[in-house]
Amino acid sequence: MAKKIKDTDYLVISARVKAMEAGLLTAERMEQLLTAHSGEEVSRILQECGYPAFDPEDQGAMDAALTAAREDTLADLGAGAPDPRYLDIFKVKYDYHNAKAVLKAAAMDTAPDSMLMDLGRIPAAELAEAIREGDGGELPGLLADAAAEAKAVLDTTRDPQLSDMVLDRWCYRDQLAVAEATGSGFLKGYVQAQIDAANLRALVRALRMGKRADFLQGVLFEGGAIPTDAVLSVAAADGGGLMELYGATELETAAEAGEAALSGGPLTEFEKLCDDAVSEYLAGAQMVPFGEAPLVGYLAARETEYTNLRILLLGRKAGLAPEIIRSRLRAGYV
């Protein structure tokens with residue numbers, strides 16, 4: 001049963017979120033990072049924005065800095081959140097990331113330690129031990145059943161991609177269950193927006209590869225606002241009806257790019273627009289002064305910021321032109 005939360009429970013956290021929003025990287029700051037003349041300048045700008053000092057040329061240091069920033073954000077907001085499950089939505093994916101790492105490492109007889117991330121609902125070491133020992137009682141949410149099914153698939157097929165697909169499906173189920181348990185329509189809508197975007201990506205990729213509805217049946221995720229049967233109907237029609245299905249949703253622009261991709265256009269812009277559609281859903285949180293929406297919107301905005309920083313820093317390291325990097329950045333919150 002969802003916890004009964006009083007309006008007063010949101011007073012402190014709403015004020016805290018509004019203050020923290022001022023620290024999000026603006027488009028101007030991102031442009032400064034993009035056109036900086038040196039790694040030292042990039043590091044200085046990021047420190048001014050609250051990130052720890054690190055060498056932007058060192059991928060390991062970059063990953064550690066972004067992980068530290070995530071940990072700080074979750075810790076900062078965790079104590080004041082009226083319902084901890086609002087934060088769990090953003091922790092679930094790390095549990096499933098860790099499960100993937102543990103299962104793959106076991107299959108290859110290696111240690112997963114370097115791949116684990118301590119950002120989930122359960123410490124990574126405890127999760128790894130529970131999966132190795134088959135002690136599902138130690139795992140949160142639906143993770144025990146997910147790990148068991150993924151391990152069975154990996155043991156049978158020796159195909160880690162199939163095992164990952166199983167875990168991805170369970171991850172969305174778990175997130176949706178957490179959202180529904182809170183009773184928050186906004187939080188449930190956020191998870192559904194992610195599912196719908198993932199299914200649109202799967203649809204376009206499958207059609208580009210010449211795959212049809214029977215292939216997609218085992219790939220699509222349940223629980224989105226757009227029924228999987230409707231997506232399968234578009235696949236069965238070789239893409240016909242794509243715009244009719246997505247035209248009145250946040251994914252309309254992404255679907256247009258998907259149609260172009262089916263005719264030989266690039267996938268990069270399409271993939272970006274799928275992510276931007278989820279950001280568009282979250283943008284509504286900025287218009288809500290009170291409640292869980294601003295908290296969820298801010299946490300998601302921070303996740304987008306980390307993604308953009310990774311794209312930008314790795315692009316700079318690879319020597320990509322600023323205009324190429326710029327075209328790959330996801331829509332920001334500010």
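Procedures and definitions
- Residues numbered from 1 in each chain as written.
- Predicted model: local features only at pLDDT ≥ 70, side-chain atom pairs only at ≥ 80, totals over all residues.
- Heavy atoms only, no water.
- Helix = DSSP H or I, 4+ residues; strand = E, 2+ residues; numbered from the N terminus.
- Rg over C-alpha atoms; globule rule 2.2 N^0.38 Å.
- Areas by Shrake-Rupley, 256 points an atom, 1.4 Å probe, with all protein chains shown as cover.
- Lys, Arg positive; Asp, Glu negative; His and termini not counted.
- Charge placed at Lys NZ, Arg CZ, Asp CG, Glu CD.
- Phe/Tyr/Trp six-rings, centres within 6.5 Å; stacked < 30°, edge-to-face > 60°.
- Lys NZ or Arg CZ within 6 Å of the ring centre and 35° of its normal.
- Axes fitted to C-alpha atoms, helices over the stretch in contact; angles between N-to-C directions.
- Parallel < 35°, antiparallel > 145°, perpendicular 65-115°, else oblique.
- Left-handed = near helix turned anticlockwise from the far one by under 90°.
- Contact = heavy atoms within 4.5 Å.
- Core = buried A, V, L, I, M, F, W, Y, C linked by side-chain atoms within 4.5 Å.
- Buried < 20%, exposed > 50% of the residue type's maximum accessible area, 1.4 Å probe, protein only.
- Salt bridge = Lys/Arg side-chain N within 4 Å of Asp/Glu carboxyl O.
- Nonpolar A, V, L, I, M, F, W, Y, C, P; charged D, E, K, R; others polar.
- pLDDT = per-residue confidence, 0-100.
- Patch = residues over 30% accessible without salt bridge, like charges linked within 9 Å, V, L, I, M, F, W, Y side chains within 5 Å.
- Polar contact = N/O pair within 3.5 Å; in protein donor to acceptor, adjacent residues only side chain to side chain.
- Expected span 1.5 Å × (residues − 1).

**Student:** Mind laying out the overall build of the chain, listing which residues take part and the relevant values?
**Tutor:** Per the secondary structure count, the chain includes 16 helices and zero strands. Taking 20 Å as the expected radius of gyration for a compact globule of 334 residues, we find that the chain reaches 20 Å, a close match to that expectation. For the chain, the C-alpha atoms occupy an extent of roughly 50 × 50 × 45 Å along the three principal directions. Of the accessible surface of the chain, which amounts to about 15,600 Å², a share of 53% is contributed by carbon and sulfur atoms. One way to put it: in the chain the 33 positive side-chain charges average out to a point 1 Å from where the 53 negative ones average out.

**Student:** Tell me what's going on with the packing of aromatic side chains, and back it up with residues and numbers.
**Tutor:** Under the definition given, this model contains three aromatic pairs. Directly above the aromatic system of Trp170 lies the positively charged group of Arg173, at a separation of 4.5 Å from the ring centroid. The ring of Phe215 has Lys211 lying over it, and the distance from NZ or CZ to the ring centre is 5.3 Å.

**Student:** Describe the packing of helix H4 (residues 59-78) against helix H5 (residues 85-108), listing the residues and the values that go with them.
**Tutor:** Interhelical geometry of H4 versus H5 gives an angle of 150° and a closest axis separation of 11 Å. Between H4 and H5, the angle falls in the class roughly antiparallel. Along this stretch, H4 crosses H5, giving a crossing that reads as left-handed. Contact residues: Arg70, Leu74, Leu77 and Gly78 in H4; Leu87, Lys91 and Tyr94 in H5.

**Student:** Outline the nonpolar core, supporting the account with residue identities and numerical values.
**Tutor:** Core analysis: the biggest nonpolar cluster contains 83 residues, and Leu77, Tyr190, Leu200, Leu203, Leu216, Tyr246 and Leu295 have the highest contact counts within it. In terms of residue count, helix H9 (residues 185-208) provides more of this core than any other element does, 14 residues in total. Apart from the residues within four sequence positions on either side, Leu203 is in contact with Leu216, Val231, Val234, Ala235, Leu242 and Tyr246. Counting 21 residues, the second-largest nonpolar core is a separate cluster that includes Ile45, Ala65, Leu66 and Leu329.

**Student:** Please provide a residue-by-residue account of the pattern of salt bridges, values included.
**Tutor:** Enumeration over the complete set of coordinates arrives at 24 salt bridges. Between Arg16 and Asp76 there is a salt bridge, with its nearest N and O atoms 2.6 Å apart. With Arg16 in helix H1 (residues 11-21) and Asp76 in helix H4, the pair connects residues that are 60 residues apart, well separated along the chain. One salt bridge in this structure joins Glu305 and Arg302, with 3.2 Å as the shortest N-O distance.

**Student:** Can you tell me about the packing of H5 against helix H6 (residues 124-133), naming the residues and giving the values?
**Tutor:** The contact between H5 and H6 brings their axes to 10 Å, and the two run at 50°. The angle between the axes of H5 and H6 places the two elements in the oblique class. When you trace H5 past H6, the crossing you get is right-handed. Two secondary-structure elements touch here, H5 through Asp95, Asn98, Ala99, Val102 and Leu103 and H6 through Ala124, Leu127, Ala128, Ile131 and Arg132. Tallied by class, residues from the contact of H5 with H6 come to seven nonpolar, one polar and two charged.

**Student:** Before we move on, can you summarise the confidence of the model for the chain with the specific residues and values?
**Tutor:** Of all residues in the chain, 96% attain a pLDDT of 70 or more, and the chain-wide mean is 90. Within the chain, the lowest mean pLDDT, 84, falls on H1, and the highest, 97, falls on helix H12 (residues 242-246).

**Student:** Residue-level account of a nonpolar patch on the surface, with values.
**Tutor:** A contiguous nonpolar patch, built from Leu11, Val12 and Phe290 and spanning about 290 Å² of accessible area, is present on the exposed surface. By the element assignment, Phe290 lies in the loop between helix H14 (267-283) and helix H15 (292-317).

**Student:** Explain the side chain of Arg302 to me, using residue names and the numbers behind them.
**Tutor:** You can see Arg302 is positioned in helix H15. Given a relative accessible area of 10%, Arg302 falls into the buried group. One polar contact links Arg302 to Thr73, side chain to side chain, over a distance of 3.2 Å. Non-local contacts of Arg302, meaning those with residues more than four positions away in its chain, are made with Leu24, Tyr51, Ala69 and Thr73.

**Student:** Requested: an account of the environment of Ala64, with residues and values cited.
**Tutor:** Tracing the chain through its elements places Ala64 in helix H4. For the pair Ala64 and Ser38, spaced 26 residues apart in sequence, the C-alpha to C-alpha distance is 20 Å.

**Student:** Kindly report on the environment of Gly265, identifying the contributing residues and their values.
**Tutor:** Note that Gly265 resides in the loop between helix H13 (252-262) and H14. Once you skip the residues sitting within four places of it in the chain, Gly265 turns out to touch Arg208 and Ala260.

**Student:** Describe unusual backbone geometry, naming the residues involved and giving the relevant values.
**Tutor:** What you tend to see is this: most non-glycine residues have negative phi, and most peptide bonds are trans. In this structure, Asp109 takes a positive phi of about 55° despite not being glycine. Of note in the backbone geometry, Asp238 takes a positive phi value of approximately 55° without being a glycine. Looking at the secondary structure, you find Asp238 in the loop between helix H11 (228-236) and H12.

**Student:** Go over H15, please, and point to the residues and values.
**Tutor:** End to end, H15 covers 38 Å across 26 residues, agreeing with the expected 38 Å (1.5 Å per residue, within 8%). Taking burial as the measure, the 26 residues of H15 include 20 buried ones, the bulk of the element. Just downstream of H15 lies Gly319, where phi reads positive at about 80°.

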